Amino acid sequence: PMLRTSAVLFRASRLVPINTKTSTGFTEVPVIPNARVILKDLYERILVKTKEIPEGYPYRVDLENLVNHRINIINEEEDCADIEERIASDQVELLIHKARDELNEALPALIELAPWKESGWKDKQIPLIIKEVGDGSMDLSSFSSEEMNIFSRTHEIEKELAKKKEEEEAKKQKKE
């Protein structure tokens, strides 16, 4: 009885991260009692792994910004429910799965492909969609005026892409 009481007291203390939910609501996704600690560790390991990508490479810049933002939230909040609310993306258990996928699959695949070694990678135009997620306002100062113009034309670009797709499908149907 004494061990059980002390474990409950310890679990409820400020020293241990709080994850009080009883279910995630997803089949085969159990509640992770120490999710905050695991998530922070995974994010810190992602930051270490991103060092294998050149500093200016956009994927690295965006990933580091996202992960650093989330680490700051984790450092500021102890309760997993508060972390989930501020990140405004998923439950911590699902964030852990996504972080593991990033660390063990996406980053190694990108590093192996090394697209930054291709000449002219900096000049390639990539469609840009900016979406604010979570609390606070997004710092847009790192985007060029050209990128901001593209962002403001998002709907026009989406229509253009849809039209091109329809034209390609029509060409395929004519060939058949």
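These remarks concern the structure in this document. (Residues numbered from 1 in each chain as written. Predicted model: local features only at pLDDT ≥ 70, side-chain atom pairs only at ≥ 80, totals over all residues. Heavy atoms only, no water.)

Below, the discussion takes up the nonpolar core. Counting residues in each nonpolar core, the largest one holds 28 residues, and the members touching the most others are Leu39, Tyr43, Ile46, Ile53, Val67 and Trp116. Contributions of two or more residues to this core are made by helix H2 (35-50), helix H3 (58-76), helix H4 (80-87) and helix H5 (92-113). It is H5 that provides the largest number of residues to this core, a total of eight residues. Beyond its immediate chain neighbours, meaning those up to four positions away, Trp116 contacts Glu52, Ile53, Pro54, Tyr57, Leu110, Ile111 and Trp121. (Core = buried A, V, L, I, M, F, W, Y, C linked by side-chain atoms within 4.5 Å. Buried < 20%, exposed > 50% of the residue type's maximum accessible area, 1.4 Å probe, protein only. Helix = DSSP H or I, 4+ residues; strand = E, 2+ residues; numbered from the N terminus. Contact = heavy atoms within 4.5 Å.)

In this model H2 runs 22 Å from its N-terminal to its C-terminal C-alpha over 16 residues, within 8% of the 22 Å that 1.5 Å per residue would give. Along H2, the residues classified as buried are Ala35, Arg36, Leu39, Leu42, Tyr43, Ile46, Leu47 and Thr50. All buried residues of H2 project into a common sector of 145° when viewed along the axis, lining one side. Elements in contact with the buried residues of H2: H3, H4 and H5. (Expected span 1.5 Å × (residues − 1). Arc of directions from axis to C-beta.)

There is a patch of like negative charges on the surface, built from Glu166, Glu167, Glu168 and Glu169. Tracing the backbone shows Glu168 in helix H7 (residues 154-175). (Patch = residues over 30% accessible without salt bridge, like charges linked within 9 Å, V, L, I, M, F, W, Y side chains within 5 Å. Areas by Shrake-Rupley, 256 points an atom, 1.4 Å probe, with all protein chains shown as cover. Salt bridge = Lys/Arg side-chain N within 4 Å of Asp/Glu carboxyl O. Lys, Arg positive; Asp, Glu negative; His and termini not counted. Charge placed at Lys NZ, Arg CZ, Asp CG, Glu CD.)

Before going further, it helps to spend a moment on H5. In this model, H5 (22 residues) spans 30 Å end to end at C-alpha, consistent with the 32 Å of a helix rising 1.5 Å per residue. Residues of H5 that are buried: Val92, Glu93, Leu94, Leu95, Ile96, Ala99, Glu102, Leu103, Leu107, Leu110 and Ile111. Taken together, the buried residues of H5 touch H2, H3 and H4. Positioned one or two residues after H5, Ala114 has a phi angle of 45°, which is positive.

It is worth spelling out the pattern of salt bridges at this point. A full pass over the atoms with the stated rule returns seven salt bridges. Salt-bridge contacts for Glu52 lead to Lys49; the nearest nitrogen and oxygen are separated by 3.3 Å. Looking at Lys49, the relative accessible area reads 24%, which means it is partly exposed. Between Lys51 and Glu64 there is a salt bridge, with its nearest N and O atoms 3.5 Å apart.

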